[in-house]
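# Residue-level structure breakdown
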Amino acid sequence: MNKEKMPLQVWVLTLAAFAIGTAEFVIAGILPQVANSLSITEGQAGYLISAYALAIVFGGPLLTIYFARFNKKAVLAGLMVLFILGNILSAFAPNYFVLMVSRVITGLVQGPFYGIGAVVATNLVSEKMAGRAVGQMFAGLTLANVLGVPGGTWIGLQFGWHTTFLTVAAFGLVALFFITSVVKSTGHGEAKDVKAQLAAFKNPMLLISLAITVFAWSGFMTLYGYIAPIAMHITGFGESAVTWILVIVGVGLIVGNTMGGRSSDKNLQKASMFWAIAMIVSLILVGLTVDNKVLFIATAFVFGIASFANVPAMQLRVMNHGGEGQELAATANISAFNLANAFGGFLGGMVLDSQMGAGMIPYAAIIVPLIGLLFIAKANRKESKQAELAPSFNN
């Protein structure tokens, strides 16, 4: 029997996710440069993370509702055009306010693109490959952290952070070309009304699944968004070393994303609990090793694995409970991820600018994810009970 292969269109979505992921996370590598250039604190520069994330949180679901009636290929292409324009504005931003506005514009793209793209990806493969298809698309996000973010950081060091955003815009242009060339037209959607799309949110399991993402994921950006200040101010690395630290963490993200996709296909409930606990443990390990360069790099790598192994499980669980509003549910989960990112960016910046300092960021990052474990346990119990009550057609 032939092994099912991942369609080329999914790989194109991976490329687009790479461009978008680079735009989202590259601020982590150029944070000190942006702060110095605009005469603001590093904590204030970190609020650019929160602004981007909040644009996804509030704009994503609304845009998805509106775009549901249109051809998915046209929507994805149009979103990439907006993405390109947002990054060009970032590149030429003369001050903090304009840069903040440009980040909001760029952030509006991510929610609907990832949400609609994830549904397109799963529709291209069999049910048994759904978790891997989602993981494959989000592999672009992990690749962004291996290549895009370190590369953008290096470009910022060599040519200035404005050039970093121009480069991101160029990646968006490449992604736009392949979307228009490879992704097949789906025709117009059925134009479900708003009530029909929102009906899915009456399902308590969908709401619990979204809560899992918000709470269990929040620790990621609390640490990752401020990994440069931690490495430079606490561990003692030079500015040029931040690029390679981000590469190492990014490799961990790729490994984790792959492991998370496979484990989610095998047992979604166990994968959700295991990887959420693993991320909390990894944050504690990073906190314990910030004074040792070798151990810090090792634990940062483990943090990368444990963090992104959560992504396929969180996205797949929401889509499983999305019902007729699957696209909106998938986009809402992207909003949930970024609500967690917004909070993480705010919390990390607050700790960084306080008397506690950068060394306490990893410990602050574990607080909210502990609440996430409670939601995962509740969801697992409900799903297990539903499975027991469901009629069996296998006998």
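Residues numbered from 1 in each chain as written. Predicted model: local features only at pLDDT ≥ 70, side-chain atom pairs only at ≥ 80, totals over all residues. Heavy atoms only, no water.

The criterion, for reference: UniProt positions are given in the numbering used here, feature names are shortened, and annotations may be inferred rather than shown by experiment.
The protein chain has the name MFS transporter in an unreviewed UniProt entry, where Photobacterium arenosum is given as its organism. UniProt lists a comment for the protein chain under the heading Subcellular location (unreviewed entry), and it reads "Cell membrane".

### Brief notes about the overall build of the protein chain
Quick note on the threshold: For the purposes of this entry, the term helix denotes a DSSP run of H or I that reaches at least four residues, the term strand denotes a run of E that reaches at least two, and both are numbered from the N terminus. Here the radius of gyration uses the C-alpha set of atoms, whereas the globule reference equals 2.2 Å times the residue count to the power 0.38. Exposure classes here rest on a 1.4 Å probe applied to the protein chains alone. A residue is buried below 20% of its type maximum, exposed above 50%, and partly exposed in between. Note on contacts: a residue pair is in contact if any heavy atoms of the two residues lie within 4.5 Å. Using a 1.4 Å probe, the Shrake-Rupley method yields the accessible areas, and only the shown protein chains count as cover for residues. Residues scored as charged are limited to Lys and Arg (positive) and Asp and Glu (negative), so that His and the chain ends carry no count. Taken as the charge centre is NZ of Lys, CZ of Arg, CG of Asp or CD of Glu, depending on the residue.
Helix and strand counts for the protein chain come out as 17 helices and zero strands. Relative to its length of 395 residues, the protein chain is compact, with a C-alpha radius of gyration of 20 Å against a globular reference of 21 Å. Every one of the 395 residues in the protein chain was classed for burial, and the buried ones make up 59%. Counting contacts in the protein chain only where the partners sit at least 6 residues apart, residues at least 24 apart contribute 85% of the total. A total of about 15,900 Å² of accessible surface is found on the protein chain, and carbon and sulfur atoms cover 68% of it. Taking the 21 positively charged and 14 negatively charged side chains of the protein chain as two groups, their mean positions are separated by 7 Å.

### Let's talk about empty space enclosed by the protein
Our working rule: Definitions used for this entry: grid spacing 1 Å over protein atoms alone; cavity, a set of points where a 1.4 Å probe fits but cannot get out; pocket, an open set with protein on both sides within 12 Å along at least 5 of 7 lines; lining residue, one with an atom within 4 Å of a point. Grid points are joined across faces, edges and corners, and a volume is the space filled by probe spheres set on the points. Amino acids are sorted into nonpolar (Ala, Val, Leu, Ile, Met, Phe, Trp, Tyr, Cys and Pro), charged (Asp, Glu, Lys and Arg) and polar (every other residue, Gly among them).
The tally for this structure, following the rule as stated, stands at two cavities of 30 Å³ or more. In this structure, the largest cavity is lined by 13 residues; those nearest its centre are Glu24, Gln110, Leu141, Phe337 and Asn341. Residue assignment for the lining of the largest cavity shows that the elements contributing at least two residues are helix H1 (8-25), helix H5 (96-123), helix H6 (130-159) and helix H15 (326-353). Of the residues forming the lining of the largest cavity, the biggest block, four residues, is contributed by H15. Per-class residue counts for the lining of the largest cavity are nine nonpolar, three polar and one charged. Space inside the second largest cavity adds up to approximately 50 Å³. In this structure, the second largest cavity is lined by Ser209, Ile212, Thr213, Ser272, Asn310, Ala313, Met314, Arg317 and Ile376. For the lining of the second largest cavity, the secondary-structure elements that each account for two or more residues are helix H9 (204-224) and helix H14 (310-320). Per-element accounting of the lining of the second largest cavity gives the leading share, four residues, to H14.

### Observations concerning helix H4 (residues 72-91)
Rules: Expected span of a helix: the number of residues minus one, times 1.5 Å.
End to end, H4 covers 29 Å across 20 residues, agreeing with the expected 28 Å (1.5 Å per residue, within 8%). For H4, the set of buried residues is Lys72, Val75, Leu76, Ala77, Leu79, Met80, Phe83, Ile84, Gly86, Asn87, Ser90 and Ala91. Tucked into the core, H4 has its buried residues touching H1, helix H3 (42-67), H5, helix H7 (161-182) and H15.

### Overview of the environment of valine 174
Structurally, valine 174 is set in helix H7. Exposure remark for valine 174: the relative accessible area of 39% places this residue in the partly exposed category. With 160 residues separating them along the chain, valine 174 and threonine 14 place their C-alpha atoms 12 Å apart.

### Quick word on unusual backbone geometry
Phi is positive for serine 39, which is not a glycine, with a value near 60°. Residue position: serine 39 is located in the loop between helix H2 (27-38) and H3. On the basis of relative accessible area, serine 39 is assigned to the exposed category, the value being 69%.

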